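# Summary of the model geometry
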Protein chains: 2
Amino acid sequence: MEKPAYHHGNLKQVLLEEALKFIETDGIKALSLRKVAKQAGVSPGAPYHHFKNKDELIAGLAVRSLEKLDATSEAAAQGQISPQEKLKAVGKAYILYAVENPEQFRLVFSSEQSGSFLSQPPNEAPLFRVLYKVIEELEAIGLVSNVQVAAITAWGLVHGVATLLIDGPLQPMSTDLEQVNALVEEVTSGLIYVQAAPKR
Amino acid sequence: MEKPAYHHGNLKQVLLEEALKFIETDGIKALSLRKVAKQAGVSPGAPYHHFKNKDELIAGLAVRSLEKLDATSEAAAQGQISPQEKLKAVGKAYILYAVENPEQFRLVFSSEQSGSFLSQPPNEAPLFRVLYKVIEELEAIGLVSNVQVAAITAWGLVHGVATLLIDGPLQPMSTDLEQVNALVEEVTSGLIYVQAAPKR
DNA sequence: TGATAAACTGAACAGTGTCAAGATTAGCTT
DNA sequence: AAGCTAATCTTGACACTGTTCAGTTTATCA
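Keep in mind that what you see is a predicted model, and the values were worked out from it rather than measured.

## Brief notes about the overall build of chain A
Within chain A, the regular secondary structure consists of 9 helices and 0 strands. When its helices and strands are written in sequence order, chain A yields α-α-α-α-α-α-α-α-α. Across the 200 residues in chain A, those meeting the buried criterion constitute 42%. Nonlocal contacts in chain A, meaning residues at least 24 apart in sequence, comprise 63% of its contacts between residues at least 6 apart.

Below is the structure:
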């Protein structure tokens, strides 16, 4: 009969899902807790039994997005054998995730909940962990001298191109997936040479 | 006597300034048009005679910030002679502007008003113009083959490191200006090698 | 001087996040 | 199985938000 019970059952998950739907269709600025509650068939006060406030709901989505980005990056790396190709694959996966899921990608770096990164030790933090492993492999072959700098440079390049594509001057290009692919191909090729830069 | 006149005189400018103050102290999320109006000694409806809505006020600040970033980048380039040093100087100026004025930097790329970039032809657009000139100089010496790709790569790297510093995992480092300088020095050194990458 | 337009006020509206008091029910304990 | 406790949800309220609109004030210029 499915008559809605007083106790929803798994409201928390439903709230997260409905909130994400709103974000993806109307953007994060149009997100309203009340609308989310109504969509979930629940009163405006109900969400506060599962989230401290609106920001915490959003933070929950950010963590989910971070995990997805981390997972696809890792999968991309494992699909290759040489460390050069791994690095390239990670970069491509990262940028494509941003272009295909701009709202979710923005969530991860939305400046309010940057605590997602700080909470864990750097070597175990999501994203960093994937990158670190690959760069260490490059170091082992002598293609990288300073792992720390190389990781930041690689991440910086890839992250920068991603955000220029979704929020910057490259935005008009971001709808044409073929063009994006070509660009990403060229840019990530440069990645390897960045790492191979001589010491002085 | 300075008794506040009914016609404020230069309300538009004052609104922009007060809004910026709020943003810099409490962050953009806490910005309220009503508070800005009150701070300017004016009623809640007054701003609407100068801006279509709140977003347009913010867009005004974004344009100002873009101009500042453009100006300091250009100045940095002109302080150097060799194109390699110019590129490096632009990168440093860009990242330092972001670290020293994070709120204003974010404004420029805040996804709502990305139209600032699209409105002008790419070669005359702010920021791009500066970068383009330098990269063309590098091309003239044979250090760059594809100007387009080189520009995007350079901008991407610098922009990525900047946002990783203010909104990403490098945030804890961003308060220590000395550490930031060291990092920027190393990363921008890599810039030149990125451009010097062989064609295939 | 007088008319037109610009600038500003004050009140109102719908919508927001958030909280407290009370109703409802799930789940454990005896 | 009964009853108690804690979790969950509702209802109603509060302060605040962006925005609009009718009316008031003043600058500007013919």
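## As for the relation of the copies chain A and chain B
Expressed as a screw operation, the relation of chain A to chain B combines 0.0 Å of axial shift with a rotation of 180°, fitting to an RMSD of 0.0 Å. Viewed as a symmetry operation, the transformation between the two copies matches a two-fold axis. Most of the interface of chain A is mirrored in chain B, where 100% of its interface residues again form contacts.

## Re the protein's contact with DNA strand C
DNA strand C sits among 22 residues. The nearest are Gly45 and Asn53 of chain A together with His8, Ser43 and Gly45 of chain B. By residue number, the principal contributor to the surface near DNA strand C is helix H2 (residues 33-39) of chain A, which donates 3 residues. Of the residues in the surface near DNA strand C, the class split is 10 nonpolar, 9 polar and 3 charged.

## Things to note about helix H4 (residues 83-100) of chain B
With 18 residues, H4 of chain B should cover 26 Å at 1.5 Å per step; its first-to-last C-alpha distance of 25 Å lies within 8% of that length. Burial analysis of H4 of chain B places 13 of its 18 residues in the buried class, the great majority of the element.

## A look at the packing of helix H4 (residues 83-100) of chain A against helix H7 (residues 128-140) of chain A
All names here are of chain A. The contact between H4 and H7 brings their axes to 9 Å, and the two run at 155°. What the angle tells us is that H4 and H7 run roughly antiparallel. Like other packed secondary-structure pairs, H4 and H7 cross with a definite hand, here left-handed. In this structure, H4 uses Pro83, Lys86, Leu87 and Val90 to contact H7, whose residues at the interface are Val130, Leu131, Val134, Glu137 and Leu138. Residue classes in the contact of H4 with H7 are distributed as 7 nonpolar, no polar and 2 charged.

## Observations regarding the protein's contact with DNA strand D
Lining the immediate surroundings of DNA strand D are 22 residues, of which His8, Ser43 and Gly45 of chain A together with Gly45 and Asn53 of chain B lie closest. Top element by residues in the surface near DNA strand D is helix H2 (residues 33-39) of chain B. It accounts for 3 residues. Among the residues forming the surface near DNA strand D, the class breakdown is 10 nonpolar, 9 polar and 3 charged.

Thresholds, definitions, all that
Residues numbered from 1 in each chain as written. Chains lettered and ligands numbered in written order. Predicted model: local features only at pLDDT ≥ 70, side-chain atom pairs only at ≥ 80, totals over all residues. Helix = DSSP H or I, 4+ residues; strand = E, 2+ residues; numbered from the N terminus. Buried ≥ 20, exposed ≤ 12 C-beta atoms within 10 Å, placed from the backbone. Contact = placed C-beta atoms within 7 Å. Least-squares fit on C-alpha atoms with pLDDT ≥ 70 in both. Near = placed C-beta within 6 Å. Nonpolar A, V, L, I, M, F, W, Y, C, P; charged D, E, K, R; others polar. Expected span 1.5 Å × (residues − 1). Axes fitted to C-alpha atoms, helices over the stretch in contact; angles between N-to-C directions. Parallel < 35°, antiparallel > 145°, perpendicular 65-115°, else oblique. Left-handed = near helix turned anticlockwise from the far one by under 90°.

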